[in-house]
Amino acid sequence: QVQLVESGGGLVQAGGSLRLSCAASRSIFSINNMGWYRQAPGKQRELVAGITRSGRTNYADSVKGRFTISRDNAKNTVYLQMSSLKPEDTGVYYCNAYLGIDYWGQGTQVTVSS
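Since this is a predicted model, take the numbers as computed values, not measurements. (Residues numbered from 1 in each chain as written. Predicted model: local features only at pLDDT ≥ 70, side-chain atom pairs only at ≥ 80, totals over all residues. Heavy atoms only, no water.)

Colleague: Sorry, what's going on with the packing of aromatic side chains here?
Modeller: How two aromatic rings sit relative to each other is set out by the distance from centre to centre and by the angle between their planes. Applying the stated criterion to the full structure yields one aromatic pair. For Arg45, the ring lying beneath its charged end belongs to Tyr94, and the centroid distance is 3.8 Å. Lying across the ring of Phe29, Arg53 places its NZ or CZ 4.1 Å from the centre. (Phe/Tyr/Trp six-rings, centres within 6.5 Å; stacked < 30°, edge-to-face > 60°. Lys NZ or Arg CZ within 6 Å of the ring centre and 35° of its normal.)

What follows is the structure, given as structure tokens:
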């Protein structure tokens, strides 16, 4: 029911910033739950940040104060602004939408060097 495409990943030095984008193939206006997950090498996928239709957000403790999730319904896009990046932020970042079932993007690699 929706296709998601992430972009904006790359290689960055510790302390730097990146902004990830998740472009949806249809309107996200009516999608209540959207979020970003990440998977580090050898680790399970974990929730990084979530945002509801009303704009309510939640964050993993490890990223609070450093990451900001936002959504632009007019552009059918969800963003993840990442600042003060740390090597432990390294991983593949996935966009998620819940429409009765979960939809996932292909992922974008974020590598933070020390």
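Next comes the rest of the description.
Colleague: Just checking my understanding: could you explain the state of the cysteines for this structure?
Modeller: Formally, a disulfide is one covalent bond, and it connects the sulfur atom of one cysteine to the sulfur atom of another. Evaluation of the coordinates by the stated rule reveals one disulfide. The disulfide partner of Cys22 is Cys95, and the gap between their sulfur atoms is 2.0 Å. Every disulfide takes its handedness from the sign of the S-S torsion; for Cys22 and Cys95 that torsion is -80°, giving left-handed. Remark: Cys95 occurs in strand S9 (residues 91-98) and Cys22 occurs in strand S3 (residues 18-24); sequence separation between them is 73 residues. (Disulfide = S-S within 2.5 Å. Helix = DSSP H or I, 4+ residues; strand = E, 2+ residues; numbered from the N terminus.)

Colleague: What is the right way to read the pattern of salt bridges from this model?
Modeller: Where charged atoms of side chains with opposite charge meet at close range, the side chains can pair. Across all of its chains, the model carries four salt bridges by this definition. The closest approach of N and O atoms between Arg38 and Glu46, which form a salt bridge, is 2.9 Å. Assessed through its relative accessible area of 6%, Arg38 is described here as buried. The exposure class assigned to Glu46 is partly exposed, which follows from its relative accessible area of 35%. Of the charged contacts in the structure, one is a salt bridge between Lys64 and Asp61, with a shortest N-O distance of 3.5 Å. For Asp61, a relative accessible area of 67% corresponds to the exposed category. Connected through shared salt-bridge partners, Arg38, Glu46, Arg66 and Asp89 make up one network. (Salt bridge = Lys/Arg side-chain N within 4 Å of Asp/Glu carboxyl O. Buried < 20%, exposed > 50% of the residue type's maximum accessible area, 1.4 Å probe, protein only.)

Function-wise, these values are silent; they only describe arrangement.
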